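Now for the letters of each chain:
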Amino acid sequence: MAAGYVAGLLWLSACILWWSGWREELADRVPPRAVALFLAGWPLLAMWSPRFGSASVNGAFVWTGAAALVLSTRLGGRIWTVWSAGAMLGAIAMFVRELPVLFPDARGVRFAWESPAAMGAAAALTSRRTADQFVALTIGAAVPEAAAILAATGTRVGSAVWMDDWWTAGAASRALTVTIAYIGAWMKHAVWRREGEQP
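Keep in mind the model is a prediction, meaning the values are calculated, not measured. (Residues numbered from 1 in each chain as written. Predicted model: local features only at pLDDT ≥ 70, side-chain atom pairs only at ≥ 80, totals over all residues. Heavy atoms only, no water.)

So, about a nonpolar patch on the surface. On the surface, Leu17, Trp22 and Tyr182 cluster together into a nonpolar patch covering about 310 Å² of accessible area. Along the chain, leucine 17 falls in helix H1 (residues 5-19). By relative accessible area, leucine 17 is classed as partly exposed at 34%. (Patch = residues over 30% accessible without salt bridge, like charges linked within 9 Å, V, L, I, M, F, W, Y side chains within 5 Å. Areas by Shrake-Rupley, 256 points an atom, 1.4 Å probe, with all protein chains shown as cover. Salt bridge = Lys/Arg side-chain N within 4 Å of Asp/Glu carboxyl O. Helix = DSSP H or I, 4+ residues; strand = E, 2+ residues; numbered from the N terminus. Buried < 20%, exposed > 50% of the residue type's maximum accessible area, 1.4 Å probe, protein only.)

The predicted model of the protein chain averages 82 in pLDDT, with 85% of residues at 70 or higher. Within the protein chain, the element-level pLDDT minimum falls on helix H6 (residues 99-102), averaging 67, and the maximum on helix H4 (residues 59-72), averaging 92. (pLDDT = per-residue confidence, 0-100.)

Tracing the chain through its elements places leucine 44 in helix H3 (residues 32-46). For the pair leucine 44 and glycine 59, spaced 15 residues apart in the sequence, the C-alpha separation amounts to 8.3 Å.

A few words now on empty space enclosed by the protein. With the rule as written, the count across this model stands at one cavity of 30 Å³ or more. Where the lining of the largest cavity is concerned, the elements lending two or more residues are helix H5 (79-97), helix H7 (114-126) and helix H8 (130-150). No other element matches the three residues that H7 contributes to the lining of the largest cavity. Looking at side-chain class alone, the lining of the largest cavity contains five nonpolar, one polar and two charged residues. (1 Å grid on protein atoms, 1.4 Å probe; cavity = no way out; pocket = protein on both sides within 12 Å on 5 of 7 lines; lining within 4 Å. Points joined across faces, edges and corners; volume = space filled by probe spheres on them. Nonpolar A, V, L, I, M, F, W, Y, C, P; charged D, E, K, R; others polar.)

Encoded structure:
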C-alpha cells in the first residue's frame, strides 16, 4: 500500500467515529470544537506543500504541530513531562527503525507499522489523557523527520510516511487507552457483583 493511504483511512475512521458519537473515547477532555476543526482542516492542508529552497513542508505537519502547541498551553505543570515523553517516543521510533542494523537477520525488512504501534502503546501507558498523547506523539513522530533532515536524506518535512506513522500511533494509543478503561470498568463491575453490591 502506498504511503499516505493509511493516514487517509485512519483520518476517515476518526471522522466517522467522531460524528457518530464516540467523542468521549476519542477526545476525552479536549474541547469538541477544537477536535472538529482539526479533523476538518487536516486533509485540506495535507494537500498543500509549500517549498522553501530545496525542501518542502507539508501543511498537515504544520497544522498538527500548531495543534500540539495550542494543547501544550493547556497542560499546565504537565508540559515538561509530556514533552519529555514525546522525546522518549521519538527514541523508541528511531530504535525500532534501526533494528535491521542491529540484527542482520532483519535486514531488508521495513518496519512500516511496528514503529508507530510501539509509539502508540508507549503513549497509552504513559498517559490516559488525549491531549497528553496528542502532544507526545506529535513530538515523537517529528523526531525521525528531524533525523532524516539532519542526515540529508529527507527533502520534505511531513512526508506521507510521517502521516501514516502519526495516525497509526494515534489510533494505537487511543484504542489501547479505551480498551484498558473498559477492562478496568468491567473488572470493577464484576467485583461489585461478586460482593453483592450494586454498581
